[in-house]
Amino acid sequence: MTTTLRITWDAANARRAERQFLAGPAGSGTPVAEVVGAMRGAHAQVLSAAEVSVGMRTDGVTRADVRTALWDERSLIKTYGPRGTVHLLPAREMPLFSAALSAVPSGPSPFPPDVRLTEGQARQVVTAIGDALDGRCLTLDELSEEVVARTGPWAGDRVMPAFQDLWPRWRQVMHRAGWAGTLCFGPNRGRKATYTRPPRGDGGAGDTRPVPSAGGGDGDGGDRPVPGGEHGESVGGVPVAFVHRYLYAYGPAAPQHFARWLAAPPGWATALFGELAAAGRIEEVDFEGTPAWVAAGDTDFPDGPPRGVRLLPYFDAYVIAGQPRERLFPGTAYQRALGGGQAGNYPVLLVDGVVAGVWHQRRRGRRTTVTVEPLVRLTARQKRELGEQAERVGEVLEAAAELVVGEVTVGPHA
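Calculation criteria
Residues numbered from 1 in each chain as written. Predicted model: local features only at pLDDT ≥ 70, side-chain atom pairs only at ≥ 80, totals over all residues. Heavy atoms only, no water. Helix = DSSP H or I, 4+ residues; strand = E, 2+ residues; numbered from the N terminus. Pairing = 2+ DSSP bridges. Axes fitted to C-alpha atoms, helices over the stretch in contact; angles between N-to-C directions. Parallel < 35°, antiparallel > 145°, perpendicular 65-115°, else oblique. Contact = heavy atoms within 4.5 Å. Nonpolar A, V, L, I, M, F, W, Y, C, P; charged D, E, K, R; others polar. pLDDT = per-residue confidence, 0-100. Phe/Tyr/Trp six-rings, centres within 6.5 Å; stacked < 30°, edge-to-face > 60°. Buried < 20%, exposed > 50% of the residue type's maximum accessible area, 1.4 Å probe, protein only. Lys NZ or Arg CZ within 6 Å of the ring centre and 35° of its normal. 1 Å grid on protein atoms, 1.4 Å probe; cavity = no way out; pocket = protein on both sides within 12 Å on 5 of 7 lines; lining within 4 Å. Points joined across faces, edges and corners; volume = space filled by probe spheres on them. Salt bridge = Lys/Arg side-chain N within 4 Å of Asp/Glu carboxyl O.

At the junction of Gly 251 and Pro 252, the peptide bond is cis and its omega measures out at -5° in the coordinates. In this fold, Pro 252 is placed in the loop between α9 (240-250) and α10 (255-262). Positive phi outside glycine occurs at Arg 74, with the angle close to 55°. Structurally, Arg 74 is set in the loop between α4 (63-72) and β3 (76-80). A positive phi angle is found at Phe 315, which is not glycine, with a value near 55°. Looking at where Phe 315 falls in the secondary structure, it is placed in the loop between β14 (309-312) and α12 (317-321).

Structure, rendered in structure tokens:
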């Protein structure tokens, strides 16, 4: 008779922190893309938040190093990742992400029938985006003209409500183009964002086209293409390796946790985990009295809990994916550090691996003020560590930091 392994919250949290370079930062010289891969992507709707996420996990890395990896080395790609939100993802893992994200069933459209795209129209738009961006970087307006020219006037109808405005119909599936590997962000052109095609083009194993420069045209020959290769065994179109890497970073996890991380239907995730368990690819454990899963054989856990003080920015991967949320945000943190029940709307103070406060930084020239509002009493050691963390935030942002301990008066996602 097999005995189910019992995992405590402290042990799980300690392993998550260790594997995401939060128990201790990655050493100097660790590739930025390796750190981003350990996080399973860095949320980059606001690029400075992604820079802080990476920098706080790596000795000596600044925002300039992240931008070098993104725009010069191209070991990172800025594109649409989990939940359809903008992320930095490791370039070498794009085939894996593309295969998995494209396999996630889409939920009901939030738009009325006269606004929606049909599935046929959506596929036309994704193809048109890839054709338009082949070897070029285009602004959003330029891309819109190209998409409409390749599909039809219906794609350009301004019917999609967004941010007190109406966007062209085709923009409903920009995230799908990112998932399909036909679109990613290019270097800014002045104040305008540009879009291009990722190094692998459409994600096929044999395509190694480099990302072009912002001015358009072919790459200069010094760009690093993503190597070809298969992503291995899949279940329901989702590579087993993708689920394993998620569980390596955030396990033990239940199907509903995986679904929430991806914004996927819970029933689909439950069926996926069932198939993986039946095939012996994942292993059930008892996680604080609740069934959860780890990759088969990945059952070593530290004693825990994690120790130390950390400052994490908006939408950091650790707080977005960490579950169960009521354990990660204990007590008053659940009301103070979540915005409408959503994680990531506030930068957070971690104390021994759980959320214990919020913070905000305000930059003025070469200086930044880091205001931290603890929700627990800090020891003398923890206060010293908080000062070091605030200093590190300044280093990452290439500014001199001043720490202020007091109330954070700005609202969520300010």
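Let us now look at the sheet that holds strand β12 (residues 282-287). Pairing is mixed across the open sheet formed by three strands, whose spatial order is β1-β12-β13. Strands with a single pairing partner mark the edges of an open sheet, and in this sheet they are β1 (6-7) and β13 (290-295).

What follows covers the packing of helix α5 (residues 94-103) against α9. The interhelical angle for the contact between α5 and α9, taken along N-to-C directions, is 100°, at an axis separation of 9 Å. Considering the angle they form, α5 stands roughly perpendicular to α9. Along the contact surface, α5 presents Leu 96, Phe 97 and Ala 100, while α9 presents Ala 241, Phe 242 and Arg 245. For the contact of α5 with α9, the per-class residue count stands at five nonpolar, no polar and one charged.

All right, on to the confidence of the model for the protein then. Mean pLDDT over the protein works out to 90, with 91% of the residues at or above the 70 mark. Note that residues 201-230 has pLDDT below 50 and, in this model, 63 contacts with residues that lie over four places away or in other chains.

Let us now look at the packing of aromatic side chains. The description of an aromatic ring pair uses the distance of the two centres, along with the angle that the planes make with each other. This model, assessed by the stated rule, comprises 13 aromatic pairs. Ring geometry for Phe 273 against Trp 293: centres 6.2 Å apart, planes inclined by 85°, an arrangement best described as edge-to-face. One end of the pair, Phe 273, is in helix α11 (residues 266-278); the other, Trp 293, is in strand β13, and 20 residues separate them in sequence. Judged by relative accessible area, Phe 273 falls into the buried class, the value being 2%. Cluster of aromatic residues (ring-pair linked, three or more members): Phe 97, Phe 242, Tyr 246, Tyr 250, Phe 258, Trp 261, Trp 268, Phe 273 and Trp 293. A cation sits over an aromatic face here: Arg 15 above Phe 301, 3.8 Å from the ring centre. Sitting over the ring of Trp 167, Arg 171 keeps its end group 3.6 Å from the ring centre.

Below, the discussion takes up helix α3 (residues 47-55). Among the nine residues in α3, eight count as buried, and that is most of the element. Those residues of α3 lying buried are Leu 47, Ala 49, Ala 50, Glu 51, Val 52, Ser 53, Val 54 and Gly 55.

Let us now look at the layout of surface pockets. Here the largest pocket is characterised by a volume of approximately 1,400 Å³. Around the largest pocket sit 42 residues that line it, and Gly 84, Gln 172, Val 173, His 175 and Arg 176 are the ones nearest its centre. Going through the elements one at a time, β3, α5, α6 (119-133), β6 (158-162) and α8 (174-180) are the ones with two or more residues in the lining of the largest pocket. No other element matches the five residues that α8 contributes to the lining of the largest pocket. By volume, the second largest pocket is sized at about 270 Å³. Around the second largest pocket, the lining comprises 15 residues; the ones closest to its centre are Arg 83, Phe 315, Ile 320, Gln 342 and Ala 343. Counting residues per element, the ones that place at least two in the lining of the second largest pocket are α10 and α12. With three residues, α10 is the single largest residue contributor to the lining of the second largest pocket. Residue composition of the lining of the second largest pocket, by class: five nonpolar, seven polar and three charged.

In this structure the tally under the stated criterion is 19 salt bridges. The partner of Arg 136 in a salt bridge is Glu 146, and the shortest N-O contact between them spans 3.3 Å. Of this pair, Arg 136 sits in the loop between α6 and β5 (138-139) while Glu 146 sits in helix α7 (residues 140-151), placing them 10 residues apart in sequence. A salt bridge links Glu 233 to Arg 281, with the shortest nitrogen-to-oxygen separation between them at 2.2 Å. Residue Glu 233 is located in the loop between β9 (192-196) and β10 (234-235), and its partner Arg 281 is located in the loop between α11 and β12; the two are separated by 48 residues in the primary sequence.

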